[in-house]
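Analysis of the macromolecular model
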Amino acid sequence: GTTGQLATAGHCWLVGGDHFSVMETGLAEKRIRIEICNDSDKKFLFDGDWLRAGDWKSEKTQAIEAESSSVIEFKSTEVLGVSGVVWYVDSEEKDVYLSLAFTNPRLQEPTFACFIGVPPPDLKAELDRAPNLKQGETYYGWTSAKEGNLIVMKVTIFAGDFPHFVPPTAASMAETPETPEEQPSADVADMEPSAPPLLEWTMISTPPAETTTLCTTSSPQETQKAPASATDSPQDEEDSAWDHVSQAAQEFLDVTRPKDAVDGLWSGLSVATKGVAAGFVSFVACSAAGFEIAGLWGLVRGSSAGLYSASAIATTGTVCGVGQFGRGLYNTPEALRARQEQQVWDRDRGRWVEIDLVKLEAQMISEGDLDEETERSENYTPSESIKETEYYDLLKVKPSASEAEIKKAYYKEARACHPDKHPMDDEANAKFQKLANAYQVLSDPKSRKKYDEEGEKGVQDRKVKFDPTMFFSFLFGSDRFEPWIGELYVDLMIKVMARGDDKDAPTLKKRQERREVRCAVHLREFMNDFVYRRDEAQFEQRARSEAAELVQCRFGPELLAALGEMYTLRAEIYLADESAGRYSFTKRMASIKHSSKTLQHKFNFYSYCSDSFAQVGQLGHSFKVLEESVPKSASDPQAKEGAGTGTPDATEQEQQEQQQKMEKALKEVEEKLNEALPVFARTGCAQVVTDIDSTVTQVGRKLLKDKSAPWQIRVRRLQAWHCLGEIFYEEGTKALEASGESAKNLTEGVGKAFVAFKAERCRSS
């Protein structure tokens, strides 16, 4: 229940004397005093407040002692008077809340609401739902008195067993499937019939607009329709075709639906601008085509046709733009109501939705691993007689291992002996080369089958295959970062493309949503010390310990600093929204700061991409020179043909010259690799940072707009998120200054290892 043991006062007391003063602004000081008689054995500590107008007059952080009386008071000389919410939590278990909402406006009646035990779903909204107070009337749990500009509230808390707040989880939801409405509060049941009930949020709230609870990761567009049966009549087929057209049209309207007038204005301007631009292009194209066909006369005719076409296209674009603005205006009331109810806009669905992180988590658990079934079905059937198992032994897998198991094993073993970790360890570098060679063979079905039948000798002449997924995973896909940033978007894309022919395969959007849910759940659990236990020192110590481990990963300082910076920027937007308001200057400045940073990250990525293309060209030239310097093997058909026509064998001196030429080419390749690898690494890191930007935005929405948690808990999460972001950014920046850019360190070790591997293959050929 949302209420506890609040006494029913049997009297109304008045306060005498003059309780207001006129300030320099000319406005009388508005005040509200709340006198709390705590008869219970629980001590309540100040936990948070939000004041729409006014300020504290009494000491802000004073506790409400057990079995004693306390007074809290607020004052204001503002036009709006005094209004706000404040809440306390018991000092022992931190799971019993005392929540207060109050107003003392200048032109309207004062209001007041009080809750004890479980916090209301949205205490901030209760400020607008609280009933008006009238002098001389007694309310359940409190009495009021008014003298001048002073409102006095007296609240008495009975001793008893209060309802305790238990943080909802997917596991608890599975154990108790019944809804809260089916579990009436004990104190409500024991309430006297004649006593007016304590305000409950579900009883007075305005009817909500039609919304969707975001508890599914699949959109309506992804819903598969059953195929038409062979017995369907032509009329049924026609109806089915019409349904498909209607569905496509509805999907288009949903995707293009603006959420409010501002969104409609920008959307309309965009559509109108595109229409004018398309009309201009049509005019130029028609004029040029006419001139090319019939000269000046063709130019005149083409210009006339182009002008007509341009006018039609531009007019259509303008009309569509005006229509978008009109749709935005029409949707504005719904948007205002949805924002007040803490809903979020889903652009893909074109509607306001409620995010329930617990339901999202439960659904994700019920679905299981999306790739588990695929991996089971891809078990490899080895040949009846395997000649040797050296490569399988290196990766520590069985000969029947699936491709996914081999990939995971290689990632685990190769990470431990990567040249970047052991730059001066020849033994580790040699093992890394052997692991790379084994993975190259076993990851390809054809070469793996040949290896099973003929052994290592049967796969010596294979071509080296570059796996971009493994390259990305080695550089940025640390297991330590996965709980924070999830599986990289590039990896998700490759998985989707690998199962492109499978209609039942999960879409990229669904994989990305599951990634965001995992990260949000991890953050929720990591914040428990701060949010529920109120142990800020323990939370900070744990956060710094986590940051110290994350910076040890490859590109850890860069990724940690980017993650912390994005946490901080997004948290500042939400903090400004809660404290100053959605349309406040503070909120706008925080949004501009975040947008400028994301634009900077995108610019860095495109700039590094340009540098990478240039490095690829230089590397390609170096590899071409290397291939020309390698003598043709006896197995080459052209070499055999030359030998058959009487071409003399190369002398020992020519062989030495060829060897020197090859060594020179290898050295040039190594130099080019040492130049190119940092550029490639910076490009990859920039791509991951832009991926983090977009992912953190959605993770924050799921964490801070989660309707399964009360508003007071979401505020605590916001404070913890901001604190965590500052710690991550501080530790990441500090490590980056101490160790230097990670991309610069990724040169000699990897370059030498690759050149040694390439040289061995050249000599063997």
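Residues numbered from 1 in each chain as written. Predicted model: local features only at pLDDT ≥ 70, side-chain atom pairs only at ≥ 80, totals over all residues. Heavy atoms only, no water.

Looking at the packing of aromatic side chains
Think of a pair of aromatic rings as described by two things: how far the centres are apart, and how the planes are tilted against each other in angle. The following threshold applies: What counts as a ring pair is set by centres within 6.5 Å for rings of Phe, Tyr and Trp (its six-membered ring), and what kind of pair is set by the plane angle: stacked under 30 degrees, edge-to-face over 60, tilted for all other angles. A helix here means a DSSP run of H or I that spans at least four residues, while a strand means a run of E at least two residues long, and both kinds are numbered starting from the N terminus. Using a 1.4 Å probe on the protein chains alone, a residue whose accessible area is under 20% of its type maximum counts as buried, one over 50% counts as exposed, and one in between counts as partly exposed.
All told, the structure shown has 17 aromatic pairs when counted by the stated rule. Between Phe46 and Tyr88 the ring centres are 6.0 Å apart and the planes differ by 75°, which places this aromatic pair in the edge-to-face class. Taken together, the residues Phe46 in strand β2 (residues 44-53) and Tyr88 in strand β5 (residues 82-90) connect sequence positions 42 residues apart. The exposure class assigned to Phe46 is partly exposed, which follows from its relative accessible area of 22%. Look at Tyr88 and you get buried, because its relative accessible area is 0%. Aromatic side chains Tyr392 and Tyr451 sit 6.2 Å apart centroid to centroid with 55° between the ring planes, which places their arrangement in the tilted category.

Quick look at a nonpolar patch on the surface
Worth spelling out the cut-off: Candidates for patches are residues over 30% relative accessible area with no salt bridge; among them, like charges are joined within 9 Å and nonpolar side chains (Val, Leu, Ile, Met, Phe, Trp, Tyr) within 5 Å. Per-residue and other accessible areas follow the Shrake-Rupley method at a 1.4 Å probe size, with only the shown protein chains counted as cover for residues. One speaks of a salt bridge when a side-chain nitrogen belonging to Lys or Arg is within 4 Å of a carboxyl oxygen belonging to Asp or Glu.
Together, Val262, Leu265, Trp266, Leu269, Phe325 and Leu329 give the surface a local cluster of nonpolar side chains, amounting to about 600 Å² of exposed area. Looking at the secondary structure, you find Leu329 in helix α6 (residues 261-340). Of the residues examined, Leu329 reaches a relative accessible area of 45% and is grouped as partly exposed.

Examining the confidence of the model for the chain
As a reminder, the rule being used: The predictor attaches a confidence to each residue, and that confidence, scored 0 to 100, is pLDDT. Note on definitions: a residue-residue contact is assigned when non-hydrogen atoms from the two residues lie within 4.5 Å.
Averaged over the chain, the pLDDT score is 76; the fraction of residues at 70 or greater is 72%. Predicted confidence for residues 1-26 stays below pLDDT 50, and this span has 73 contacts to residues more than four positions away or in other chains. Overall, residues 637-648 carries pLDDT values under 50, and its contacts beyond four positions in sequence, including any with other chains, amount to six contacts.

Topic: the nonpolar core
Selection rule: Within this scheme, the nonpolar core is defined by two criteria: the residues are buried Ala, Val, Leu, Ile, Met, Phe, Trp, Tyr or Cys, and they are joined through side-chain atoms within 4.5 Å.
Among the nonpolar cores identified, the biggest contains 68 residues, and Trp484, Leu523, Tyr567, Trp721, Leu724 and Phe728 are the most heavily contacted of them. Counting residues per element, this core draws most heavily on helix α23 (residues 711-739), which supplies ten residues. Counting residues in hydrophobic clusters, the runner-up holds 24 residues, among them Ile34, Val82, Met153 and Phe162.

Quick word on the environment of Arg515
Operational definition: Here a polar contact is taken to be a pair of N or O atoms separated by no more than 3.5 Å, where protein atoms must pair a possible hydrogen donor with a possible acceptor and residues adjacent in sequence count only if both atoms sit in side chains.
With respect to the element layout, Arg515 can be found in helix α16 (residues 508-526). We classify Arg515 as buried; its relative accessible area is 2%. Separated by 32 residues in the primary sequence, Arg515 and Pro483 place their C-alpha atoms 9.2 Å from one another. In this structure the side chain of Arg515 is engaged in a polar contact, spanning 2.7 Å, whose partner is the backbone oxygen of Ile485.

Remarks on helix α7 (residues 357-367)
All of the buried residues in α7 are Leu357, Val358, Leu360, Glu361, Gln363 and Met364. Residue Asp356 occupies the N-cap position of α7, its side-chain oxygen lying 3.2 Å from the main-chain nitrogen of Val358. Trailing α7 by a residue or two, Gly368 shows a phi angle of about 75°, which is positive.

Structural notes on the pattern of salt bridges
Taken as a whole and assessed by the stated rule, the structure comprises 30 salt bridges. Between Arg33 and Glu35 there is a salt bridge, with its nearest N and O atoms 3.7 Å apart. A relative accessible area of 16% places Arg33 in the buried class. With relative accessibility at 22%, the residue Glu35 sits in the partly exposed group. Residue Glu516 pairs with Lys702 through a salt bridge whose shortest N-O separation is 3.0 Å. Taken together, the residues span a long stretch of sequence, with Glu516 in helix α16 and Lys702 in helix α22 (residues 652-704) at a distance of 186 residues. Comparing Glu516 with Lys702 shows no difference in burial state: the two are buried. Put simply, Glu540, Arg544, Glu730, Glu731 and Lys734 are held in one network by salt bridges that share partners.

Let's talk about the pairing of strand β7 (residues 111-117)
For clarity, the threshold we go by: Criterion used throughout: strands pair if DSSP finds at least two bridges between them.
The element β7 is extensively covered by neighbouring structure, given that seven of its seven residues are classed as buried. Direction of pairing for strand β6 (residues 97-104) relative to β7: antiparallel, over a ladder of seven bridges. Residue Ala101 lies in a different strand from β7, and its bridge partner there is Ala113. Where β6 hands over to β7, the hairpin turn is made up of six residues, counted between the paired strands.

Some remarks on empty space enclosed by the protein
Rule in force here: Here a cavity is any set of points on a 1 Å grid over the protein atoms alone where a 1.4 Å probe fits but cannot get out, and a pocket is any open set with protein on both sides within 12 Å along at least 5 of 7 lines; a residue lines the site when it has an atom within 4 Å of a point. Grid points are joined across faces, edges and corners, and a volume is the space filled by probe spheres set on the points. Three classes are used, and their members are as follows: Ala, Val, Leu, Ile, Met, Phe, Trp, Tyr, Cys and Pro are nonpolar, Asp, Glu, Lys and Arg are charged, and the others, Gly among them, are polar.
Under the counting rule described, the total for this entry stands at one cavity of 30 Å³ or more. Roughly 70 Å³ of volume is contained in the largest cavity. Every residue lining the largest cavity is listed: Gln342, Tyr574, Glu578, Leu704, Lys705, Trp711, Arg714, Val715 and Leu718. Put simply, the parts of the chain that give the lining of the largest cavity at least two residues each are α19 (556-579) and α23. It is α23 that contributes the most residues to the lining of the largest cavity, four residues altogether. Among the residues making up the lining of the largest cavity, the classes are represented as five nonpolar, one polar and three charged.

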